[in-house]
Amino acid sequence: MARKRKGLITERQLITLESPRSPITEQYRTLRTNIQFASVDAELKTILVTSTGPGEGKSTTIANLAIVFAQQGKNVLLVDTDLRKPTVHYTFALNNVRGLTTILTKQSTLQEAVNQTDIENLSILLSGPIPPNPAELIGSLAMENFIEEAKTLYDVILFDTPPVLAVTDAQILSNKCDGTILVVASGSTEIDAAIKSRDLLNSSKAKLLGTVLNKIKADNSQYYYYYGQKN
Ligand SMILES: Nc1ncnc2c1ncn2[C@@H]1O[C@H](COP(=O)(O)OP(=O)(O)OP(=O)(O)O)[C@@H](O)[C@H]1O
Ligand SMILES: [Mg+2]
């Protein structure tokens, strides 16, 4: 069932919206801070989030990261560049009719395809209809033009992607982004797979900012409460 909160309908529970003062939300704010400090000289405007394999938490991480950037007053665009298994429309309960693929194939403009949300400063570009040739679209000149246009309109552009070891899309896109974050799932991501993903991203000259350790069992986190209150 769709969840409605302050006018915003989301299918997936987004902790940064539901519980702004929880220790987990604080971790997303820490991630935001770490990204902002990751590059002192070069501006980090386009950031890609990926992982080694499926289901490790890319889409969850990027949706919450988009929200904490928006809450900081940054003008944020979240783009669903997982053209294989897009989920951002599901997370934000939007209709995936227009999006990145309709822009890249010149069926719509960015202004026509973008969704405004009830979250101040957060805009969302869905994948659009799934194309037969995702890697080709992501590697296209049209994609580069789209990124350049988006950079003129937004402070931060976040790209959700498919897994690095499954398909080449994230590797191709990482080369066009200012920074890449690798999500690894505690207890399930194989170390060898993480190393291979890192090597693949490095080989495409991605600027790997770091990793997010996701899905940690939260049974030993009292110290997080030291500076704040629950919820
Ligand atoms: N930190 C977390 N704690 C608990 N559940 C999580 C966490 N992160 C992700 N999940 C859950 O794990 C599942 C997979 O997460 P998500 O869709 O974000 O992964 P993904 O890497 O984007 O997957 P895919 O490869 O299919 O795109 C979802 O059901 C999500 O709710
Ligand atoms: Mg995903």
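1. Notes on the nonpolar core
Now for step 1: In terms of nonpolar packing, the biggest core is built from 29 residues, with Ile35, Leu65, Val76, Leu78, Phe92, Leu122 and Leu158 touching the most fellow members.
Now for step 2: Among the secondary structure elements, those contributing two or more residues to this core are helix H2 (23–38), strand E3 (46–51), helix H3 (58–71), strand E4 (76–80), strand E6 (122–125), strand E7 (156–160) and strand E8 (179–185).
Now for step 3: The residues touching Val76, leaving out its near neighbours within four places in the chain, are Ala66, Phe69, Ala70, Asn121, Leu122, Ser123, Tyr154, Val156 and Leu158.
Now for step 4: Core analysis: the second largest hydrophobic core is formed by 22 residues, Leu48, Leu110, Leu137 and Phe159 among them.

2. Brief notes about the environment of Ile67
Now for step 1: Topologically, Ile67 is positioned in helix H3.
Now for step 2: With relative accessibility at 0%, the residue Ile67 sits in the buried group.
Now for step 3: Residues Ile67 and Arg29, spaced 38 residues apart in sequence, show a C-alpha to C-alpha distance of 9.6 Å.
Now for step 4: With residues up to four places along the chain from it excluded, the contact list for Ile67 reads Leu14, Thr16, Leu17, Ile119 and Leu122.

3. Some remarks on the confidence of the model for the protein chain
Now for step 1: Put simply, the protein chain has an average pLDDT of 91, and 90% of its residues get 70 or more.
Now for step 2: Low pLDDT, under 50, characterises residues 222–231; the predicted model gives this stretch 8 contacts beyond four residues in sequence or across chains.

4. Let's talk about the sheet that holds strand E5 (residues 115–116)
Now for step 1: Within the open sheet, the 7 strands sit side by side as E5-E6-E4-E7-E3-E8-E9. Their pairing is mixed. Whereas interior strands pair on both sides, the edge strands pair on one side only; in this sheet they are E5 and strand E9 (208–214).
Now for step 2: Examined bridge by bridge, E4 and E6 share 4 bridges and lie parallel to one another. Within the sheet, the bridge partner assigned to Val76 lies in E6 and is Leu122.
Now for step 3: Sheet contacts for helix H10 (residues 191–203): E3, E8 and E9; angle to E8, the most-contacted strand, approximately 170°.

Basis of the calculations
- Throughout, residues of each chain are indexed from 1 in the direction in which the sequence is written.
- Key to labels: chains lettered from A, ligands numbered from 1, both in the order written.
- The model is predicted, so local features are restricted to residues of pLDDT at least 70 and side-chain atom pairs to those at 80 or more, both for listing and for counting; the totals for chains, interfaces and linings are taken over all residues.
- Side-chain numbers here rest on the full set of heavy atoms in the structure, without hydrogens or water.
- Residues enter a nonpolar core if they are buried and are Ala, Val, Leu, Ile, Met, Phe, Trp, Tyr or Cys, with the set joined through side-chain atoms within 4.5 Å.
- Relative accessible area decides the class of each residue, using a 1.4 Å probe on protein chains only: under 20% of the type maximum gives buried, over 50% gives exposed, and in between gives partly exposed.
- Strands here are runs of E lasting at least two residues and helices are runs of H or I lasting at least four, both read from the DSSP assignment and numbered beginning at the N terminus.
- Contacts are assigned to residue pairs with any non-hydrogen atoms lying within 4.5 Å of each other.
- The pLDDT score gives, residue by residue, the confidence of the prediction method on a 0 to 100 scale.
- By definition, two strands form a pair when at least two bridges between them are found by DSSP.
- All axes are obtained by fitting lines to C-alpha atoms, using only the stretch in contact for helices, and the reported angles, taken between N-to-C directions, cover 0 to 180 degrees.

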